[in-house]
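Coordinates in review
In case you want the letters, here they are:
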Amino acid sequence: MDPKVQLLYIPLKSEIELKTVTEEEIQREELSDSEVEEFLNFLENDILRLAHHSYDESDFIKRSLIRRVKRIIKSHDYEELETLLLDFLENGTATSMRAEGKYVIAILYENKLYLIHSKIKERSMGREKETHSFKIYERFLDKDNLYRFVVFILEGEILKARMYLKHDSNKTFLEWLGIPPKKRPLSENLTVKFVGTFGNYRISIELDIDTILKLEEKMEGGKATYEDICIDLNEGKLTVGELSLKIDYSIFPAFRKRIPKDKLGELFYYVKQLRSDWDYQITYLEELPNKLMELLRQPDLQSVLESIRGNPPYVEKIDGLYHKETGKLVLPKDSGDIILVYFNKNLEKFIELSPDFLSILAERILGNSTLKIMVLTHDINSNKPVRIDNIYLYNTLSSEFLELFGGLLGDNEEGNDWKNLSPTYRTLLKLSILNFIGSFSDQYYVFQKILEYIQKTKQIADLDMVPEIEDIMEFKGRDVLYDKNGKPKDTEKIVEYLVNDILKKISGTNFKFYVIGINKNTRKIEPIEEGYFWDDKIREEIYKPLREKLKSCGLLISEPVKLPVCRGFILLFSVKLENPNLSQQQIASGIKALESMAKER
């Protein structure tokens, strides 16, 4: 009698929240009789052979998972298999890998259990026949569509595993399985590409990591041969069979690490580092700030700065730092799906952010699409990002920021349920936090630059209603800036009103977000017109005197950001206590100072 095959899969949809996926979402098939032979041949010949990485039971540190898998293989328990598949989806796949068109799959037969993460682009691969009731025709088991999978094989009482990893972003999957960092495999696409010329042709040759290591073992005097491959570092040549490539450079395509021709010897260092430690990437990232400072400490850079009169010599793009004059990439970024940022306020005279880079960041922030960002300082936190709505900041914020914002910030998927907020309020709250962080920390000044870009190029809100009114954000209507007749108030009166209001509103707390242009009573947007309140007037006649008066009261204010809305703009800024430990004393002294100024008048 033919063995039975249990096949379960969950077709993911972007509109389905992960927490709402239940057993009802699982598609179930049980194959038997004539279907089984063809399907098992397909698995054994087309799928299992892809799994090059082998593991013994002792390699897994999660003993509970091992016991669970053994129990399922022995009993062929459908319900427990469903629970395992849901656990795999929730904890074994990254958020970015749960979009529509992707699948998690479990296949159980005989002594084998497959857990697969795949995708689908086409609805048929020519395997559909009338006799086939199962749905593998949707191509989620084709090699081109596989992201990663593990096959557990129970031999007696011993559990073994084989694994396939197509890409290099497998950390979530491997952590869920319980594979420790030192035993994690490299992905299948981790190769070294050599780019150069062959006669009159420009070509590239890719070699896998194991081949590079074999060449390194045989290296003598800058030359090594392994099978039909020969590399000569002195001549800068790579020969494969009868093909001889004159090397211009080598590159790791998986993470865009480029090695120039004159530094090919460094290639083996990076390869050995990769093979010995899967978490090499964070080490490399932590070194980038040092590399950047070495670059900026060049002896002749000061004279360059003087000659270009304030125009930064470097421009930062999404893939690295470029020399503006030559257009040469001088410091690349190794990021995966995390966007790296070199720029901070202290480096503003050296580095300019490219408009394309700012546009990418701004569009993701405003579009509520996932933005993973890491500012390259020594405060990298790769395992536990701080969440600000759709933004995941892979840095360690200061304790002051974390204490101030409390529940507004979350780790990974925790924190406030931002999606339940109205679109306008959600945007204003998110931008207020970024304005606060970018204004009061030189390290995260990039957020302030993004807001400056947004105020010049984007329209924020099409809606005219803000249903949420909370203490953390102070809304002010246009009557702060205009009188009853709709004419602009004198800027001195505006400043005087704001100082008094801020001192009252911040009493009992350590910070406050302000938005001018939304009526607190009607909760509707009341746009400020550009005609009178232009940039220089706001900065010179309102912000600067307001900043000085508040500073004398122990308060700091961020530079206001004009957020374009239909028929004008709204004004956003943040205020905080300079020293939270002296809050009541500061407020009291501030009020006294104002009273004494009033008496002198």
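Whatever comes next refers back to the structure up there.
Here is a short report on the structure shown in this document. (Residues numbered from 1 in each chain as written. Predicted model: local features only at pLDDT ≥ 70, side-chain atom pairs only at ≥ 80, totals over all residues. Heavy atoms only, no water.)

Quick notes on the overall build of the protein
Worth spelling out the cut-off: Secondary structure counts use DSSP, requiring at least four H or I residues in a row for a helix and at least two E residues in a row for a strand, with both numbered from the N terminus. Summary of the burial criterion: residues with accessible area below 20% of their type's maximum are buried, those above 50% are exposed, and those between are partly exposed, where the area comes from a 1.4 Å probe applied to protein chains only. Contacts are assigned to residue pairs that have any heavy atoms within 4.5 Å of one another. Only the protein chains shown count as cover for residues, and the accessible areas themselves come from Shrake-Rupley with a 1.4 Å probe.
Within the protein one finds 15 helices and 28 strands. Per-residue burial over the protein gives 51% buried out of 601 residues. A separation of at least 24 residues holds for 63% of the contacts in the protein among residues at least 6 apart in sequence. When the accessible area of the protein is evaluated, it comes to approximately 28900 Å², of which 45% is carbon and sulfur surface.

Quick look at the sheet that holds strand β2 (residues 27-31)
This is how it is decided: We call two strands paired when DSSP finds no fewer than two bridges between them. Lines fitted to C-alpha atoms define the axes, with helix axes restricted to the stretch in contact, and inter-axis angles between N-to-C directions lie between 0 and 180 degrees.
Taken together, the seven strands give an open sheet; going across it, the order is β2-β1-β4-β5-β6-β7-β3, and neighbouring strands pair in antiparallel fashion. Each of the sheet's edge strands pairs with one partner strand only, and the pair in question is β2 and β3 (53-56). Adjacent strand axes in the sheet meet at a mean angle of 15° when their direction is disregarded. By the bridge criterion, eight bridges tie strand β6 (residues 146-155) to strand β7 (residues 158-165) in an arrangement that is antiparallel.

Digging into unusual backbone geometry
A positive phi angle is found at Asn368, which is not glycine, with a value near 60°. Take Asn368: it is sitting in the loop between α9 (355-367) and β20 (371-375). Classification of Asn368 by relative accessible area gives partly exposed; the value is 31%. Of note in the backbone geometry, Arg523 takes a positive phi value of approximately 65° without being a glycine. Here Arg523 is to be found in the loop between β25 (511-516) and α14 (535-552). Exposure remark for Arg523: the relative accessible area of 31% places this residue in the partly exposed category.

Overview of a positive patch on the surface
Selection rule: Each patch is built from residues that are more than 30% exposed by relative accessible area and take part in no salt bridge. Like charges join if they lie within 9 Å; nonpolar side chains (Val, Leu, Ile, Met, Phe, Trp, Tyr) join within 5 Å. The working definition used for a salt bridge is a side-chain nitrogen of Lys or Arg within 4 Å of a carboxyl oxygen of Asp or Glu. For this count, His and the chain ends are skipped, Lys and Arg are scored as positive, and Asp and Glu as negative. Where a charge sits is defined by one atom per residue type, namely NZ (Lys), CZ (Arg), CG (Asp) or CD (Glu).
A cluster of basic side chains, namely Arg258, Lys263, Lys291 and Lys328, defines a positive patch on the protein surface. Positionally, Lys328 belongs in the loop between β16 (320-323) and β17 (329-332).

Here's the deal with empty space enclosed by the protein
For clarity, the cut-off: We place a 1 Å grid over just the protein atoms. Points where a 1.4 Å probe fits but has no way out form a cavity, open points with protein on both sides within 12 Å along at least 5 of 7 lines form a pocket, and any residue with an atom within 4 Å of a point lines it. Grid points are joined across faces, edges and corners, and a volume is the space filled by probe spheres set on the points. Only Asp, Glu, Lys and Arg are considered charged, only Ala, Val, Leu, Ile, Met, Phe, Trp, Tyr, Cys and Pro nonpolar, and every remaining residue, Gly among them, polar.
Within this structure, the stated rule accounts for one cavity of 30 Å³ or more. What the largest cavity holds in volume is close to 60 Å³. Lining the largest cavity we find Leu481, Leu498, Ile516, Ile538, Ile542, Tyr543, Leu546, Ile557, Pro560, Leu571 and Phe573. Contributing elements (two or more residues each) for the lining of the largest cavity: α14 and β28 (568-577). Looking at the lining of the largest cavity, its residues break down into eleven nonpolar, no polar and no charged.

Points about the pairing of strand β8 (residues 191-198)
In this structure, β8 lies alongside strand β9 (residues 201-208), joined through eight bridges in antiparallel fashion. Bridged to Gly196 within β9 is Ile203. Turn length for the β8-β9 hairpin, with the two strands adjacent in sequence and antiparallel, is two residues, and the turn residue Gly199 shows positive phi of about 65°. Bridge analysis of β8 against strand β13 (residues 243-252) gives five bridges, and the strand direction is antiparallel. Bridge pairing in β13 places Thr197 opposite Lys246.

So yeah, pure geometry; function would need other evidence.
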